[in-house]
Amino acid sequence: MNKELIIRTSSEAVDFALLKDGKLVELHKEEETSNFQVGDIFIAKIRKPVAGLNAAFVNVGFEKDAFLHYHDLGPNLSSQLKFIKLVSAGKIKDFALKNFPFEPEIDKDGAIADVLSANQSILVQVVKEPISTKGPRISSELSLAGRYIVLVPFSDRVSISQKIESREEKDRLKRLVQSIKPKGFGVIVRTVAEGKKVAEIDKDLQNLLDKWTAMCKRIPTAHHPSKVLGELNRASSILRDVFNDTFSGIITDDKELLNETKEYLQQIAPGKESIVKLYQSKDVPLFEKYSIERQIKTSFGKTVSMSKGAYLIIEHTEAMHVIDVNSGNRSNKAANQEETALEVNMIAAAEVARQLRLRDMGGIIVVDFIDMQNPDNRKILYDFLKEEMSDDKAKHKILPPSKFGLVQITRQRVRPEVNIKTKEEDPNNENAEVDAPIVVIDKISTDLERLVKQQKKIRLNVHPFIAAYLTKGFPSIRSKWFFEHKKWVKIIPRDAYTYLEYKFLDENGNSIED
């Protein structure tokens, strides 16, 4: 398995595409105007506590106030508030917390009005970016994420990632962290710390402590509200969270970003800087070179084609996302119906896991898989879906398939859902829209894959523009079909056809129904 990160820059934004074996699995956009990334820390003032919501609205400089719920305050809120007051007044110069006297923890079921008041200064961290009409969701329980650990000020707790399964390794990491952890700071050990030595983890810890110190130095002179600690740029944060030995390349078209990425990679994976390359071709745009534009066009529509003629229908309602799995025109004979259902469901499970990451879909997702009678097959599907989603960094929970074939998934969403328009203006009707041409080419290829098994000779009638697209160049798409299916498809341009109309004919000239 190879992973590649492709980074495209423009004057307004930076686009990040994460490929897994050449297939697009994540797509992010970092806009120059975006001031509220998950992980950013702000010094801000409470606008007003609202007893009915047991929450407070906080002015962080966004057009809508940020939302701070009581459960997101953290147990050591009183200690944090006292610390900010003393730092702002210049009474604390040493920002290590070893000599700082902690206040009693707040009641976990208390009321917001008992602990916060209007115009009070507070440090808050963005946990959910502004989405739709809502302002950012924030927390006052701060955390500074590093490569191997997460540093939690005003805490003494050490916890280990649940994804590390070995009890011996968990105990080793806990002892190791407790031996180097400064007083007043808690530590969460990340999954990638498994097997790492004390020197690597200690270096990560020192980097985070330096960040904390730099942030605290900004507080006395900071305006309210203002950002006192920014998250890494999106390239570095993606690498921090997903980089491992399976990465084979990081390609960008911007020299400044190239140097930044190399510097960050030198910190987290010395010796791997050589995989960072500058893309300099002026003939083919970067995203087209790696077939990313094509994958975007074919992956974000309502209908998503898969191999073997199967496809997904993805609907978004106000309450949830609904995904329907369809087998297409596959064999439904009783003898192999269960086998066919399992095969299609496995293909669909892999695509569902990819689509959730790709679109960053959140909330409740219900997937209607094809019914399977055998409970063992339902278990195979459930385990496979969990494995496919194991790379997903967003918190999620999957329930086993019901007897009706429904799988319920909840997935955390911390930034707006990626929603890309895949339809284009209809050349035959300016008031209508049609699928992008590349989507139609994919549909033709999918239909052909099914029909070549049933027909000796096949002819394809299409609009002259599409005919030219299929036959020109070397190797042409038609040539690729020949090498794949060992059958030559005769392509006939038809002036009478609308732009995206096509029809398959058999050797006698009869239409082959889909």
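The following refers to the structure shown. (Residues numbered from 1 in each chain as written. Predicted model: local features only at pLDDT ≥ 70, side-chain atom pairs only at ≥ 80, totals over all residues. Heavy atoms only, no water.)

## Side note on the nonpolar core
Turning to step 1, where the next piece is worked out: Counting residues in hydrophobic clusters, the biggest one holds 37 residues, and the most contacted among them are F83, L123 and W212.
Turning to step 2, where the next piece is worked out: For this core, the secondary-structure elements that each account for two or more residues are β4 (41-50), α1 (77-88), β10 (149-153), β11 (158-160), α3 (167-180), β12 (185-189), α4 (198-218) and β13 (226-229).
Turning to step 3, where the next piece is worked out: Grouped together as the second largest cluster of nonpolar side chains are 28 residues, L312, I347, I365 and V407 included. (Core = buried A, V, L, I, M, F, W, Y, C linked by side-chain atoms within 4.5 Å. Buried < 20%, exposed > 50% of the residue type's maximum accessible area, 1.4 Å probe, protein only. Helix = DSSP H or I, 4+ residues; strand = E, 2+ residues; numbered from the N terminus.)

## Some words on the environment of S117
Turning to step 1, where the next piece is worked out: Mapping S117 onto the fold places it in the loop between α2 (112-115) and β7 (121-128).
Turning to step 2, where the next piece is worked out: Taking the C-alpha atoms as reference points, S117 and L53, 64 residues apart in sequence, are found 15 Å from one another.
Turning to step 3, where the next piece is worked out: The contacts of S117, once residues within four sequence positions are left out, are I46 and P49. (Contact = heavy atoms within 4.5 Å.)

## Things to note about the packing of aromatic side chains
Turning to step 1, where the next piece is worked out: Applying the stated criterion across every chain yields a total of 12 aromatic pairs.
Turning to step 2, where the next piece is worked out: On the basis of an interplanar angle of 65° and a centroid distance of 5.7 Å, the ring pair of F57 and F67 is categorised as edge-to-face. Residue F57 is located in strand β5 (residues 55-59), and its partner F67 is located in strand β6 (residues 66-69); the two are separated by 10 residues in the primary sequence.
Turning to step 3, where the next piece is worked out: Since its relative accessible area comes to 24%, F57 is described here as partly exposed.
Turning to step 4, where the next piece is worked out: When the ring of F100 is compared with that of F102, the centres are 6.1 Å apart and the planes differ by 65°; the resulting orientation is edge-to-face.
Turning to step 5, where the next piece is worked out: The exposure class of F100 is buried, given its relative accessible area of 10%.
Turning to step 6, where the next piece is worked out: Given a relative accessible area of 32%, F102 falls into the partly exposed group.
Turning to step 7, where the next piece is worked out: Taken together, the aromatic side chains of F83, F100, F102, F154, F185 and W212 make up a single cluster linked through ring pairs.
Turning to step 8, where the next piece is worked out: Over the ring of F287 we find R8; its NZ or CZ atom is 4.0 Å from the centre of that ring. (Phe/Tyr/Trp six-rings, centres within 6.5 Å; stacked < 30°, edge-to-face > 60°. Lys NZ or Arg CZ within 6 Å of the ring centre and 35° of its normal.)

## Observations regarding the packing of helix α11 (residues 437-451) against helix α12 (residues 464-471)
Turning to step 1, where the next piece is worked out: Running from N to C, α11 and α12 cross one another at 70°; their axes reach a closest spacing of 12 Å. One finds that α11 runs roughly perpendicular with respect to α12. Considering the relative orientation of α11 and α12, their crossing is right-handed. Of the residues in α12, those touching α11 at I438, I441 and I444 are I466, Y469 and L470.
Turning to step 2, where the next piece is worked out: For the contact of α11 with α12, a count of residues per class yields 6 nonpolar, no polar and no charged. (Axes fitted to C-alpha atoms, helices over the stretch in contact; angles between N-to-C directions. Parallel < 35°, antiparallel > 145°, perpendicular 65-115°, else oblique. Left-handed = near helix turned anticlockwise from the far one by under 90°. Nonpolar A, V, L, I, M, F, W, Y, C, P; charged D, E, K, R; others polar.)

## Quick look at a nonpolar patch on the surface
Turning to step 1, where the next piece is worked out: Taken together, the side chains of F482, F483 and W488 present a nonpolar region at the surface, about 360 Å² in accessible area.
Turning to step 2, where the next piece is worked out: Counting through the fold element by element, W488 comes out in the loop between α13 (477-485) and β25 (490-493).
Turning to step 3, where the next piece is worked out: A relative accessible area of 48% places W488 in the partly exposed class. (Patch = residues over 30% accessible without salt bridge, like charges linked within 9 Å, V, L, I, M, F, W, Y side chains within 5 Å. Areas by Shrake-Rupley, 256 points an atom, 1.4 Å probe, with all protein chains shown as cover. Salt bridge = Lys/Arg side-chain N within 4 Å of Asp/Glu carboxyl O.)

## Quick look at the pattern of salt bridges
Turning to step 1, where the next piece is worked out: As enumerated under the stated definition, the model contains 17 salt bridges in all.
Turning to step 2, where the next piece is worked out: D40 is paired through a salt bridge with K227; the nearest N and O atoms lie 3.2 Å apart. Of this pair, D40 sits in the loop between β3 (23-31) and β4 while K227 sits in strand β13, and the two are 187 residues apart along the sequence.
Turning to step 3, where the next piece is worked out: Given the relative accessible area of 1%, D40 is considered buried.
Turning to step 4, where the next piece is worked out: Of the charged contacts in the structure, one is a salt bridge between D392 and R411, with a shortest N-O distance of 2.7 Å. A residue pair is termed long-range when its members are at least 10 positions apart, and D392 in the loop between α10 (375-388) and β20 (396-398) and R411 in strand β21 (residues 406-411) qualify at 19 residues. The pair formed by D392 and R411 is uniform in burial state, with each residue classed as buried.
Turning to step 5, where the next piece is worked out: Ionic contacts of the salt-bridge type, sharing partners, join the residues R8, D15 and E293 into one network.

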